[in-house]
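# Observations on the model geometry
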Amino acid sequence: MDANRDARATAAELPLDALSTRLAGAVVAPTDAEYDAARRVWNGLVNEYPVAIAYCEQPVDVAESISFARDHDLDVAIRSGGHSVSGASVASGALVVDCSRMEWVRVDPEARTARVGPGATWGTVDRATQSFDLAVPGGVFSDTGVAGLTLGGGTGYLSPKYGFTADSLRSIDVVTGTGERLTASADRNADLFWAARGGGTVGVVTAFEFDLHPLAGDVLYFESWLPIEATPAALGSYREYQRDAPDDACVSPYVAAVPDTSAFPSDRHGDLAVVLSGVYAGDPATGREEFAPLLDPADAFATSADTMSYTDLQTMMDEDFPDGRRYYWKSVPLSELGDDAIDTLHEAALNAPSDLSTIVVWPMHGAVERVSEEASPIAGRDAAVVVNVEAAWDDPMATPANVEWVRETCRAFRETDSIAGTLPNFAGGREPDADAVYAAHADRLRSVREQYDPGAVFRYERE
Ligand SMILES: Cc1cc2nc3c(=O)[nH]c(=O)nc-3n(C[C@H](O)[C@H](O)[C@H](O)COP(=O)(O)OP(=O)(O)OC[C@H]3O[C@@H](n4cnc5c(N)ncnc54)[C@H](O)[C@@H]3O)c2cc1C
C-alpha cells in the first residue's frame, strides 16, 4: 500500500517521541502494534494511513499536538466519536488529534446546563441528563460522538420540540489553528460561536456547554410496516399528517427490507417495505391519539406502538449500523415531499444494489424552523423534510454500484422540490464543497475559518 509506506516514511522523519513526552495521552505511530486498530473508524469503507494518532487527554495536549503539526507542516484531522460517515476524522499523511479520551459529562440541574467533553457519546449524555428529567436534543444512536454531531448541526427525535443540537449550544472551549485557547459564546468570539453551530470544524473543541430542556416520563414509539407498493399512498398520508404536526411529534418514514425476526410474518422476510415510524415526546396517550391516522393503515402487515424511556429509545437502533460495514450517505432538503419526490424514493428503493440500504425522510418542522437562518451556518431550515439516502453493504466489489446509487438518487431528488444546501452531518462523501452544504452561508463560514486557522492546519471536508 503506497499510503501505508508514505505514512511510515514520513513518521520515521518526525520526532514523535518528543511529542509523546509532551502529552498526558499516548502517541501511536505506524510502527506500533496498535496502529492498525487506532487508524480505523466506524465506516469500514475508510482505509486511511495517518502519520500518527495523538490521544489527547487535556486541552493542553491538543495545543501541543497542533503546535507539532504546524512545526512539521502536517494537516490535522480531528477525531472524537469516530462516526464521521466519510471518515473525515482520519486522513492519510495527517496527524490525527484524537479527543475520545476526554469523555466526561457534568450536569447542573439547577442552571439546566451540561458541560460535556468532546470524547463523550450520546449514550453517556442521555443517561446523565435523563437522571434529572432533562435532555439535549441529540442524534438517534447512542454511540455517535457529541463533538462531530453537534458541530454538524445535529438532528434527532427531539429536533421538532427543541431544535438542532447546535441550537442548544451555549458555549465552546476551543483550541484554534494558531494554538490559541478561546471560549466562544453569543457574547465572546461570537463569529467563532456562530461557525461552531453547524459549520463543522472551527478548531479543536475541548468542551461543549449545552442548555438542557425538560423531558420527563416515557415517550411513545410506533412503526407501521407496509408493502413497498404502498409507498405513494403511505408517504402521501405522511405528507398530509406533517402539514400540522405538533412539536412533540417526530415522524420519519423510511424504506427497508423486512428483518428476519419473529416480529414480522415469515412470508414477508427480506421483502422491501415502506415504514411509517415516529416518536411522540409528550404524554404517550396523547401520542396514540395524535398518530391514529398513521398507526394502523389498512394494508400494514406489522404494527407496533410502545412506550419506553428516552434512553431506551436512543439505543434502540444501535445494532442496525454495525462498525466495520461499508457506508455512503448523502441527503437532500425538500421544500415539500411532492409526488415527484415520492416517485423518486419509490423507484430508488426498488433499484438499491444492497438490501441493507435505506432512505429516510426526516421532518423539519417546529423548533428547527423557528430559529433564524442567520443564527447558524446551517442552510435550509425552511425545508419541509430532508431525505437521507443511506447505502450500506459488505462486499468490497459492490462499492462503485452503491456509491453511484446514492449519487444518482440524490441527483434525482435535486430535480424535485429541492432547496439549496444540505444538513452538514449528511452531506455526502469527501466532496469539500462548502457552497453545496452551506449555500448562502458558505462565504461567511470560510472567512471565519481563515481568521482562526490562517495556516489551514485543519481539514474541513465533512461527510
Ligand atoms: C450510526 C450513525 C448514526 C448517526 N445518526 C445521526 C443522527 O441521528 N443525527 C445527526 O445529526 N447525525 C447523525 N450521524 C452523523 C454524525 O452526526 C456525524 O457522522 C458526526 O460527525 C459524528 O461525530 P463523531 O464525533 O462521532 O465523529 P468523528 O468522526 O470523530 O468526527 C467527525 C468530524 O467532526 C469534526 N470533529 C470531531 N471532533 C471534533 C472536535 N473535538 N473539535 C472540532 N471538530 C471535531 C471533525 O471535522 C471530524 O472530521 C450519524 C452517524 C452514524 C455513523
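The structure contained in this document is the topic of the report that follows. (Residues numbered from 1 in each chain as written. Predicted model: local features only at pLDDT ≥ 70, side-chain atom pairs only at ≥ 80, totals over all residues. Heavy atoms only, no water.)

## A few points about the environment of Phe 222
Position of Phe 222 relative to the elements: it lies in strand β12 (residues 219-227). You can call Phe 222 buried: its relative accessible area is 0%. In this structure the C-alpha to C-alpha distance between Phe 222 and Asp 306, which are 84 residues apart in sequence, comes to 6.3 Å. Sequence-distant contacts of Phe 222, that is, excluding residues within four places in its chain, are made with Val 251, Leu 276, Ser 277, Gly 278, Phe 291, Leu 294, Leu 295, Ser 304 and Ala 305. (Helix = DSSP H or I, 4+ residues; strand = E, 2+ residues; numbered from the N terminus. Buried < 20%, exposed > 50% of the residue type's maximum accessible area, 1.4 Å probe, protein only. Contact = heavy atoms within 4.5 Å.)

## What to know about the side chain of Asp 248
With respect to the element layout, Asp 248 can be found in the loop between α9 (231-243) and β13 (249-251). Of the polar contacts made by the side chain of Asp 248, one reaches the side chain of Lys 161; its length is 2.6 Å. (Polar contact = N/O pair within 3.5 Å; in protein donor to acceptor, adjacent residues only side chain to side chain.)

## Overview of helix α13 (residues 339-351)
Helix length check: α13, at 13 residues, gives a terminal C-alpha distance of 18 Å against a target of 18 Å (1.5 Å per residue), a fit within 8%. Inspection of α13 places Ala 341, Ile 342, Thr 344, Leu 345, His 346, Ala 348 and Ala 349 among the buried residues, and these make up the whole buried set. (Expected span 1.5 Å × (residues − 1).)

## Topic: the nonpolar core
Counting 42 residues, the largest nonpolar core has Tyr 157, Trp 225 and Leu 313 as its most contacted members. Of all the secondary-structure elements, those providing two or more residues to this core are β12, β14 (254-257), β15 (272-280), β16 (302-308), α12 (310-315), β17 (326-334), β18 (358-363) and β19 (385-393). Discounting residues that sit within four places of it in the chain, Leu 313 has contacts with Tyr 157, Val 219, Tyr 221, Val 279 and Met 308. (Core = buried A, V, L, I, M, F, W, Y, C linked by side-chain atoms within 4.5 Å.)

## Let's talk about the packing of aromatic side chains
Between two aromatic rings, the relevant description is the distance of the centres plus the angle of the planes. In this structure the tally under the stated criterion is 15 aromatic pairs. Judged by centre distance (6.1 Å) and plane angle (5°), the ring pair of Phe 208 and Phe 210 falls under stacked. When its relative accessible area of 0% is taken as the criterion, Phe 210 is described as buried. The aromatic ring of Trp 194 is capped on one face by Arg 444, whose charged end is 3.9 Å from the ring centroid. (Phe/Tyr/Trp six-rings, centres within 6.5 Å; stacked < 30°, edge-to-face > 60°. Lys NZ or Arg CZ within 6 Å of the ring centre and 35° of its normal.)

## Describing the pairing of strand β6 (residues 113-116)
Note: strand β5 (residues 105-108) against β6, four bridges, orientation antiparallel. Its bridge partner being in β6, Val 105 is matched across the sheet by Val 116. Counted along the chain from β5 to the antiparallel partner β6, the turn is four residues long, and its residue Arg 112 has a positive phi close to 55°. Pairing geometry for β6 and strand β10 (residues 204-211), over four bridges, is antiparallel. Bridging from a neighbouring strand, Val 116 pairs with Phe 208 of β10. (Pairing = 2+ DSSP bridges.)

## Remarks on the sheet that holds strand β9 (residues 181-185)
One open sheet holds the five strands; their spatial order is β5-β6-β10-β8-β9, and the pairing between them is antiparallel. Every other strand in the sheet has two partners, leaving β5 and β9 as the edge strands with one partner each. Here the strands of the sheet are splayed against their neighbours by 15° on average, with no regard to which way each runs. Across five bridges, strand β8 (residues 169-175) lies against β9 in antiparallel orientation. Looking at the pairing, Ile 172 lines up with Ala 184 of β9. Of the strands in this sheet, β5 and β6 are in contact with helix α5 (residues 122-130), which crosses β5 at around 25°. (Axes fitted to C-alpha atoms, helices over the stretch in contact; angles between N-to-C directions.)

## Observations concerning a negative patch on the surface
Taken together, the side chains of Glu 336, Asp 340, Asp 343, Glu 347 and Asp 417 define an acidic patch exposed on the protein surface. Its place among the elements puts Glu 347 in helix α13. Among the residues examined, Glu 347 registers a relative accessible area of 51% and is labelled exposed. (Patch = residues over 30% accessible without salt bridge, like charges linked within 9 Å, V, L, I, M, F, W, Y side chains within 5 Å. Areas by Shrake-Rupley, 256 points an atom, 1.4 Å probe, with all protein chains shown as cover. Salt bridge = Lys/Arg side-chain N within 4 Å of Asp/Glu carboxyl O. Lys, Arg positive; Asp, Glu negative; His and termini not counted. Charge placed at Lys NZ, Arg CZ, Asp CG, Glu CD.)

Geometric values such as these leave the question of function open.
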